[in-house]
Amino acid sequence: MTNTPKPTGKALLNNAHNHMPLGVADSYRYWGEQDTVFLKSMKGGTITDCDDNVFVDFRLAYGPIILGYRDTRVDQEVISAITDIGTISGFSTPLDSEVISLVKALCPNIEKMRFANSGTEAVIGAVRTARGFTGRNKIVVVEGGFHGLYDEMMWKPDVDNWDSETQAAPEITSFGAGIPENTREHLETVPLNDFEALDEVFARVGNDIAAIVIEPIMGNCGSISSSQEYMQKLRDICDKNDSLLIMDEVKTGFRVAKGGVQELYNIKADLTTYAKAMGNGYPVAAFGGRADVMDMIKFGADGVTHGGTYTANMIALSAAKATLTILKETDALETIDQVGADIQEVLGRVFTQFGIEHRFAGPNAMFGVHFGDEVPHNYRDWKKTNSDLYTTFAHNLIKNGVMLEPDSREPWFICEAHKNVDLEWLENVATQSMQDALNP
């Protein structure tokens with residue numbers, strides 16, 4: 001992928017193969033035998049690998065970093081919690097309600113909430129609660145959305161291998177082996193912004209639809225976004241059918257606005273999932289919403305069960321309290337929004353210089369880049385973009401010191417520390433990277 005020397009990283013990967021499948025702790029961290037990244041440090045908006053190569057990082061661990069790596073305002077609160085309280089007890093602490101009060105102050109869609117440790121756990125909790133409340137089974141998801149790595153949500157439209165000339169719709173396939181076919185039984189998929197598909201699925205199985213789960217701005221699909229009209233359609237059809245609307249804000253929550261994506265659309269979900277930016281990189285997540293729905297979590301055969309040994313641990317909650325307080329009381333998100341706009345302006349000049357049709361999608365804090373003459377309206381439209389050129393361009397950026405995911409389905413994530421990025425340097429790097437992509 002790159003020409004950057006990585007002898008230490010290669011030696012670390014060789015050793016790691018003795019201990020982990022693919023030599024990594026998360027399959028998505030494996031970038032091949034020559035290019036898998038091993039880091040030695042992170043600070044602000046930059047990362048340094050084990051061979052001392054420094055990168056300005058727009059990957060940000062897939063989005064959790066909202067202020068910057070090793071933000072002292074957050075880290076000091078975590079250190080204080082460890083030294084003054086402890087890390088985990090199996091009991092409640094005042095931090096539980098303090099953090100939820102902060103969330104409620106930012107997000108009026110939240111009346112009651114429970115914590116989790118990851119976005120996957122939060123989605124599991126929200127879906128189970130929706131099923132318990134409605135007494136129904138089916139969940140509708142939108143093509144291109146990502147809702148965690150558990151069996152039911154690990155079915156996706158195979159857009160990569162879809163032939164739009166001969167196939168009416170992409171085949172639905174699993175993420176890989178080990179996922180039982182019967183986990184698809186209660187899952188329905190629809191294209192984003194497609195009103196007819198939504199009407200069809202509700203006409204066919206509406207009496208068993210517990211909820212729709214949607215990322216209104218798709219964090220694993222280049223920030224392709226719902227239209228305002230589609231979001232209103234979702235709200236209306238759920239209300240009419242007594243189904244619940246679950247907004248997955250694992251990536252957009254506390255990033256695209258203080259109140260998340262629901263502030264942007266001014267439409268409330270019945271249940272919402274959060275993670276990522278909620279703790280500036282510390283492992284914390286949550287789900288919550290309407291009090292009557294959340295109160296289904298209770299003891300007894302008619303109640304929904306929720307728990308977890310590490311749920312609401314003091315490390316996670318102290319980080320969330322510090323991060324949410326900063327986002328609530330400072331102009332951090334306004335700074336991030338401006339930096340994201342400035343970076344898009346730089347990239348736009350570079351693309352225009354080389355005559356490349358391009359469109360940006362999503363909010364400035366997590367924008368997608370699509371090479372084509374229109375913003376994709378859904379995942380199937382993404383197939384029409386020149387993603388191969390983007391991947392080559394991204395590989396060149398990495399070679400030249402800009403880290404990002406080399407797949408146009410992943411957005412550029414911006415954090416507050418990126419206000420220190422040298423935009424002239426970035427423009428020069430982007431220019432060289434695109435020139436090399438077009439003239440290999």
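What counts and how
- Residues numbered from 1 in each chain as written.
- Predicted model: local features only at pLDDT ≥ 70, side-chain atom pairs only at ≥ 80, totals over all residues.
- Heavy atoms only, no water.
- Buried < 20%, exposed > 50% of the residue type's maximum accessible area, 1.4 Å probe, protein only.
- Helix = DSSP H or I, 4+ residues; strand = E, 2+ residues; numbered from the N terminus.
- Pairing = 2+ DSSP bridges.
- Right-handed = clockwise from strand over helix to strand, strands pointing away.
- 1 Å grid on protein atoms, 1.4 Å probe; cavity = no way out; pocket = protein on both sides within 12 Å on 5 of 7 lines; lining within 4 Å.
- Points joined across faces, edges and corners; volume = space filled by probe spheres on them.
- Nonpolar A, V, L, I, M, F, W, Y, C, P; charged D, E, K, R; others polar.
- Phe/Tyr/Trp six-rings, centres within 6.5 Å; stacked < 30°, edge-to-face > 60°.
- Lys NZ or Arg CZ within 6 Å of the ring centre and 35° of its normal.
- Core = buried A, V, L, I, M, F, W, Y, C linked by side-chain atoms within 4.5 Å.
- Contact = heavy atoms within 4.5 Å.
- Axes fitted to C-alpha atoms, helices over the stretch in contact; angles between N-to-C directions.
- Salt bridge = Lys/Arg side-chain N within 4 Å of Asp/Glu carboxyl O.

Asks: When you look at the pairing of strand S9 (residues 209-214) in this model, what are you seeing that I'm missing?
Replies: The side chains of a regular strand alternate between the sheet's two faces. The buried fraction of S9 amounts to six of the six residues, a majority that puts the element mostly inside the structure. As paired strands, strand S5 (residues 138-142) and S9 are joined by four bridges and run parallel to one another. Note that in S9 the partner of Ile139 across the bridge is Ala211. Relative to strand S10 (residues 244-249), S9 runs parallel, the two being bridged by four bridges. Within S10, the residue paired with Ile214 across the bridge is Met247. One crossover worth recording links S9 to the parallel S10 by way of helix H6 (residues 228-241), and it is right-handed.

Asks: Would you mind showing me how to read the layout of surface pockets here?
Replies: Think of a ball as big as a water molecule: rolled over the atoms, this probe shows where empty space is left. Roughly 430 Å³ of volume is contained in the second largest pocket. If you trace the second largest pocket, you find 20 residues lining it, with Phe91, Ser92, Asp96, Thr311 and Ala312 closest to the centre. Sorting the residues of the lining of the second largest pocket by element identifies helix H3 (94-106) and strand S4 (112-116) as the ones contributing at least two each. A breakdown of the residues in the lining of the second largest pocket according to their chemical character gives seven nonpolar, eleven polar and two charged.

Asks: Could you clarify how one ought to interpret the packing of aromatic side chains in this entry?
Replies: Aromatic ring pairs are described here by two measures, namely the spacing of the ring centres and the angle between the planes. What the rule picks out here adds up to twelve aromatic pairs. When the ring of Phe195 is compared with that of Tyr230, the centres are 5.8 Å apart and the planes differ by 70°; the resulting orientation is edge-to-face. Of this pair, Phe195 sits in helix H5 (residues 195-205) while Tyr230 sits in helix H6, placing them 35 residues apart in sequence. Residue classification places Tyr230 among the buried residues on the basis of a relative accessible area of 0%. Here the aromatic cluster, defined as three or more aromatic residues joined through ring pairs, consists of Phe58, Phe351, Phe360, Phe367, Phe371, Tyr390, Phe393 and Trp412. The ring of Phe175 carries the charged tip of Lys156 above its face, separated from the ring centre by 5.0 Å. Of note, Arg184 hangs over the ring of Trp155, and the distance from its end group to the ring centre comes to 5.4 Å.

Asks: What should I look at first to understand the nonpolar core in this one?
Replies: The nonpolar side chains of a soluble globular protein tend to be buried with one another. Met278 and Trp412 are the most contacted members of the largest nonpolar core, which totals 104 residues. Not counting the four nearest positions on each side in its chain, Trp412 is found in contact with Phe58, Ile343, Leu347, Ala365, Met366, Phe367, Val369, Tyr390, Leu397 and Leu404. Counting residues in each nonpolar core, the second largest holds 30 residues, with Ile172, Ala210, Val213 and Ile297 among its members.

Asks: Help me out: how do you make sense of empty space enclosed by the protein in this one?
Replies: Per the counting criterion, the structure on display carries two cavities of 30 Å³ or more. Space inside the second largest cavity adds up to approximately 30 Å³. Forming the boundary of the second largest cavity are Phe58, Arg59, Tyr62, Leu404, Glu405, Glu410, Pro411 and Phe413. Residues belonging to the lining of the second largest cavity are distributed by class as follows: five nonpolar, no polar and three charged.

Asks: Mind showing me how you'd approach the sheet that holds S4 here?
Replies: Pairing between sheet strands relies on hydrogen bonds along the backbone, with the strands arranged either parallel or antiparallel. Spatially, S4-S12-S11-S10-S9-S5-S8 is the arrangement adopted by the seven strands of the open sheet, whose pairing is mixed. Across the chains shown, the open sheet's two edge strands, defined by having one partner strand only, are S4 and strand S8 (187-190). Between one strand axis and the next, the sheet turns through 20° on average, direction left out of account. Examined bridge by bridge, S10 and strand S11 (residues 271-274) share four bridges and lie parallel to one another. Within S11, the position partnered with Glu249 by the bridge is Tyr274.

Asks: Just to check I follow, could you spell out the pattern of salt bridges for this structure?
Replies: Pairing between side chains of opposite charge can happen when the charged atoms of each approach one another. Per the stated rule, a full pass over the model turns up 27 salt bridges. A salt bridge links Lys112 to Asp295; the shortest N-O distance between them is 2.9 Å. Here Asp295 lies in the loop between helix H8 (291-294) and helix H9 (314-329) and Lys112 lies in strand S4, a separation of 183 residues in the sequence. Judged by its relative accessible area of 39%, Asp295 falls in the partly exposed class. In this structure, the salt-bridge partner of Glu188 is Lys138, at a minimum N-O distance of 3.8 Å.

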